Amino acid sequence: MDEPSNSKRRRGLGVVTPNACTECRKKRCDGQNPCGRCVSQKVVECIYEIPVRQSKEHMRAAIEQMKAHQQATDAVISALISTDQTNQVLDQLRRGESLETISEKLKASSHIGENITSYARASDYHAIENALLSARGIGNSSFSMLNINDPHIPSPHGQDPMWNPWHGVNDSSLHLTGMNDDSMSWTSGSASNPQSAISFPLLSTTHEESANFSASDGSIQFARDQGREAILGQKFGVEERPDFHNADKKLSWTTVTNDEAFIEHLMTLYFCWEYPIFASLSKEHFLEAFKTGDETYCSSLLVNAMLSLGCRFSTQPESRTDPNNSNTAGDHFFGEALRLLKEMDDCHTMTTIQALSLMSLREASCGRSSDSIFLSGQSIRLAIEMGLHKNAAQMPIEMDDEDDVVRAATFWGAFSLDQAWSLSIGRLPHSSRHIKLMTKPAVIGHIEASSWVPYTDDGAPLERPYTQPSNIRTVFKTFCELSKIVHISLYALYSPGANLTSESLLEIYTQYLRWYEAIPAALRLGHNFTPAVLFSHMYYHFAILLLFRPFIKLELVGSGVSPRDVCKQTADAISTLVKSYSELYSLKRTPSFVPYFVLASGINHLVVHGNTSSGPEMLYGALADLKEMESCHGFATRARHILHFLVNHWHINVSFDESEDDEDLEILCRPSPASLNLFCPNIESSDLENIIRPSLEGGNPLFWPFPLQGRPLLTSTNLESAGFSLLL
């Protein structure tokens, strides 16, 4: 009885094809072209249409196969272009070897060295070289006017006093090679005119600023998925729909949204554009804890802080509390982080210290410097109270290697951020002059070799004609070394009784020069150009600029080093690096402190223009850079107002657009009782008056006898709402 039934049920089985022709749709089709059924009907045309939805695995495999073939082709073409591999490759082609085989042989025979960017196509190499061309010139021009033969300055490069910060990039012998995962060479003089129209490859293959992204757009969804996987790892890449829940995750880290794809998207933006600058966490430990629900290295406070920072790099409506106001980006996540912070009974945890650092960066970006400085100060104080500055051997309890790595990242992130703020506002740091610093995180090969890709709201470029290793640990370690020199300089400049002399100033300057000369090849702009690498170079010039800026009206007796010349050259270098960054990535995605660098360089451009016959082009460039950054940095607007105010205050002949003149700069740059006013240039006599009579309406209601001392922050704009009223 069952046999006929089973036989009938199996009758529909046979050859199964994933895509049937239009005529056979919902019927049996053998998948041939033409298929057997259409052939039997003779007059019917057999047409196959591409299905609307294909499996993610099928799309991934097809794209990866095409990319691999394209990379092999480009590698062979690049090798043919080069002068030393042409004959070898031609012989292999004549022997009938496949492109893939030749490409693999090129990889195997290439020099294995540091993790340095390589390019598949000559056009991509030339585009990047042109974007970095002016930045490469910094090494030859920034210090050429300085008398490094000065006996007060020890030569940082041994016997050669005119040291070259591009040491390791030998222009006379370098040439473009093929697909080489570990090294890249330069072709001397091969760059075309940098003013020519060039399509820079990093972001040209993405659809810029797709604020109205639709999850139905399969190409962007796939690009996002690829980008998240590249930056966060293979465990990430949630389908983009709010109702999707990851069964592996034990905890919900935020109450702001339940869209896990959006959460991963914001995390990816943070790790792409801000990390590892001032990185207070270990990426690998955090991501593993995030997925498993382990609260040792992850917490709701930390996740919300990170998401609030990641929102600055997104234009999606969900990233803002007001979709039409970029200044509200991340406010909802930051508000949740503040709530969690206030509810904590014990803040002495590593994740709290990490979160405070990220919250500080976010507030620095927004232009709330007083809040940022407070949060940064809390972070470094807690780190020292917990003994994170000590090596594991110095601790009373035994710690495993995993804890030691996270402790190191947490302390050095908080320490570096504290130095950056202390440098920016001119004060002593929160750690003692003689603090014993713990060992920096070790450089690990597979972490260094992990690729960096430019990730935006549209995901990562599907076409990656270059290989740019992240070098995360090397960047972080080298940045920490620079922070140590900043620490030394702060105590030299601001310690009472330090007896600052021109000689001690030059000694610090020499330490900066030696740091720059000794940076690894992977961090030199001729090799890598990730945002973190470009930022490190900007920070180096920023530190030297602020070292010499107080002395631009002075000369150093017996020395050929001119503070005014050094400041001009470092300010020019910052502008040049920002220009390269803009051409590579745009300034709509820059780390938090970049507008502070541009402000410092812009002030110096203003000084130079006001004292010489040079034109205002550099100043205009700084103002344009700040304007472009306003979409992700509230401080960029503040910085632009400061420059405009100083132009008027110093009576410098500079013309602006009429729209810029309409802004009431006098009011915008006045002190506020809700701020420490560390970036407030418009201090009038009324702000310094210490009258005992009642305050006038609209004036500063606080009384303090010493104008340069700190005062309470009265954050409420309305006295009555804070429980106060003016004394009549």
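Numbers given to residues run from 1 along each chain, matching the order in which its sequence is written. For a predicted model such as this one, the threshold for reporting local features is a pLDDT of at least 70, and the threshold for listing and counting side-chain atom pairs is 80 or more; totals across whole chains, interfaces and linings nevertheless cover every residue. Derived side-chain values reflect all non-hydrogen atoms in the structure, with water molecules and hydrogen atoms excluded from consideration.

Observations concerning the overall build of the protein chain
Helical segments are the DSSP runs of H or I of at least four residues, strand segments are the runs of E of at least two, and each set is numbered from the N terminus. For the protein chain, the helix and strand inventory stands at 27 helices and 2 strands. In the protein chain, which comprises 728 residues, the share counted as buried stands at 51%. Taking all contacts inside the protein chain whose residues are at least 6 apart in sequence as the whole, residues at least 24 apart take part in 72%. Only protein chains enter the accessibility calculation, which uses a 1.4 Å probe. A residue is then buried if its area is under 20% of the maximum for its type, exposed if over 50%, and partly exposed in between. Residues are treated as being in contact if the distance between any of their heavy atoms lies within 4.5 Å.

Section: the nonpolar core
Residues grouped as a nonpolar core are buried Ala, Val, Leu, Ile, Met, Phe, Trp, Tyr and Cys residues, joined through side-chain atoms within 4.5 Å. Membership of the largest hydrophobic core comes to 154 residues, with the highest contact counts inside it found for F271, F286, Y512, Y539, F548 and F593. Among the elements that line this core, the one with the most residues is helix α20 (residues 531-548), at 14 residues. Not counting residues within four places of it along the chain, the set of residues in contact with Y539 comprises Q419, A420, L423, F479, L482, V486 and F597. The next biggest cluster of nonpolar side chains, apart from the first, holds 6 residues, and it includes C21, C24, C35 and C46.

Overview of helix α14 (residues 350-366)
Expected helix span is given by 1.5 Å per residue-to-residue step, counting one fewer step than there are residues. With 17 residues, α14 extends 25 Å between its outermost C-alpha atoms, agreeing within 8% with the 24 Å of an ideal straight helix rising 1.5 Å per residue. Among the 17 residues in α14, 17 count as buried, and that is most of the element. A positive phi of about 95° marks G367, the residue just after α14.

Quick notes on the packing of aromatic side chains
Ring pairs are drawn from Phe, Tyr and Trp, using the six-membered ring of Trp, whenever the two centres fall within 6.5 Å, and their geometry is named by plane angle: stacked under 30 degrees, edge-to-face over 60, tilted for the rest. In this structure the tally under the stated criterion is 35 aromatic pairs. Ring centres of Y581 and Y585 lie 5.2 Å apart, and the angle between their planes is 70°; this geometry places the pair in the edge-to-face category. Pair noted here: Y581 and Y585 are both in helix α21 (residues 563-585), with a separation of 4 residues, about one helical turn. Accessibility expressed as a relative area gives 1% for Y581, which makes it buried. Accessibility expressed as a relative area gives 1% for Y585, which makes it buried. Linked through ring pairs, F278, W421, F479, F535, Y539, F542, F593, Y596, F597, F635 and F679 together constitute an aromatic cluster.

Considerations on the pattern of salt bridges
Put simply, a salt bridge is a Lys or Arg side-chain nitrogen that is within 4 Å of an Asp or Glu carboxyl oxygen. Using the criterion set out here, one finds 19 salt bridges in the structure. Of the charged contacts, one joins E264 and R228 as a salt bridge, the two residues approaching to 3.5 Å between their closest N and O atoms. Residue E264 is located in helix α10 (residues 260-273), and its partner R228 is located in helix α9 (residues 218-232); the two are separated by 36 residues in the primary sequence. Like E264, the residue R228 is buried in the burial classification. E583 is the salt-bridge partner of K579, the closest N and O atoms lying 2.8 Å from each other. Placement of both K579 and E583 in helix α21 is noted, with a separation of 4 residues, approximately one turn of the helix.

Brief notes about a nonpolar patch on the surface
Nonpolar side chains collect at one region of the surface, where L676, L678 and L713 lie side by side and expose about 230 Å² of accessible area between them. According to the relative accessible area criterion, L678 is partly exposed, its value standing at 37%. Patches draw on residues past 30% relative accessible area with no salt bridge. Two like charges within 9 Å are joined, as are two nonpolar side chains (Val, Leu, Ile, Met, Phe, Trp, Tyr) within 5 Å. Every accessible area reported is derived by Shrake-Rupley at a probe size of 1.4 Å, with residue values counting cover from the shown protein chains alone.

Concerning the packing of helix α18 (residues 472-494) against helix α19 (residues 502-518)
Remark: α18 packs on α19, axes separated minimally by 10 Å, with the N-to-C direction vectors making an angle of 175°. On the basis of their axis angle, the class for α18 and α19 is roughly antiparallel. Where α18 abuts α19, its residues T478, E481, L482, I485, V486, I488, S489, A492 and L493 lie against L505, I508, Q511, Y512 and W515. In this classification, the charged set is Asp, Glu, Lys and Arg, the nonpolar set is Ala, Val, Leu, Ile, Met, Phe, Trp, Tyr, Cys and Pro, and all remaining amino acids, among them Gly, are polar. For the contact of α18 with α19, the residue count by class is 10 nonpolar, 3 polar and 1 charged. For every element, the axis is a line fit to its C-alpha atoms; helices are fit only across the contacting stretch, and the angle between N-to-C directions ranges from 0 to 180 degrees. Working rule for angles: under 35 degrees goes down as roughly parallel, over 145 as roughly antiparallel, 65 to 115 as roughly perpendicular, anything else as oblique.

Remarks on the confidence of the model for the protein chain
Values of pLDDT, ranging from 0 to 100, describe the predictor's confidence in every residue of the model. Within the protein chain, residue pLDDT values average 77, and 69% of them lie at 70 or more. Taken together, the stretch residues 140-149 has pLDDT below 50 and engages in 26 contacts with residues farther than four places along the chain or on a different chain. Scored below 50 in pLDDT, residues 238-250 makes 33 contacts in the model with residues more than four places away or belonging to other chains.

Regarding the packing of α20 against α21
Two numbers describe how α20 lies on α21: the axes approach to 9 Å, and their chain directions differ by 160°. The orientation of α20 relative to α21 falls into the category roughly antiparallel. Judged by the twist between their axes, the crossing of α20 over α21 is left-handed. Across the interface between the two elements, P531, L534, H537, M538, H541, F542, I544, L545 and F548 from α20 touch P563, V566, C567, T570, A573, I574, L577, V578, Y581, L584 and Y585 from α21. We call a crossing left-handed when the near helix sits turned anticlockwise from the far one by less than a right angle, and right-handed when that turn is clockwise.

What about the environment of S370?
Summarising the element assignment, S370 is placed in helix α15 (residues 369-385). Residue classification places S370 among the buried residues on the basis of a relative accessible area of 8%. Distance in space between the C-alpha atoms of S370 and S675 is 5.9 Å, their sequence separation being 305 residues. If sequence neighbours within four positions are ignored, S370 has contacts with S675, L676 and N677.

Things to note about the side chain of H265
One can find H265 in helix α10. For H265, the side chain forms a polar contact with the side chain of D457, separated by 2.7 Å. Setting aside residues no more than four positions away along its own chain, H265 makes contact with R224, R228, S314, Q316, Y455, T456 and D457. Each polar contact in these results corresponds to two N or O atoms within 3.5 Å; when the atoms are within protein, one needs to be able to donate a hydrogen and the other to accept it, and residues that are neighboring in sequence are counted only if both atoms are side-chain atoms.

Some thoughts on the environment of L301
Within the secondary structure, L301 is located in helix α12 (residues 300-310). Given the relative accessible area of 5%, L301 is considered buried. Along the primary structure L301 and L356 are separated by 55 residues, whereas in three dimensions their C-alpha atoms are 9.0 Å apart. Those residues within four positions of L301 in sequence are excluded, and the remaining contacts are A337, L340, L341, M344, T352, A355 and M359.

Some remarks on unusual backbone geometry
Cis geometry is adopted by the peptide bond preceding P276, which originates at Y275 and carries an omega value of 5°. You can see P276 is positioned in the loop between α10 and α11 (283-292). Despite not being glycine, F278 has its phi angle at roughly 50°, a positive value. Inspection of the secondary structure assignment puts F278 in the loop between α10 and α11. A relative accessible area of 1% places F278 in the buried class.

A closer look at the environment of A329
Mapping A329 onto the fold places it in the loop between α12 and α13 (331-343). By relative accessible area, which is 7% here, A329 ends up buried. Those residues within four positions of A329 in sequence are excluded, and the remaining contacts are S308, C311, R312, S319, R320 and R362.

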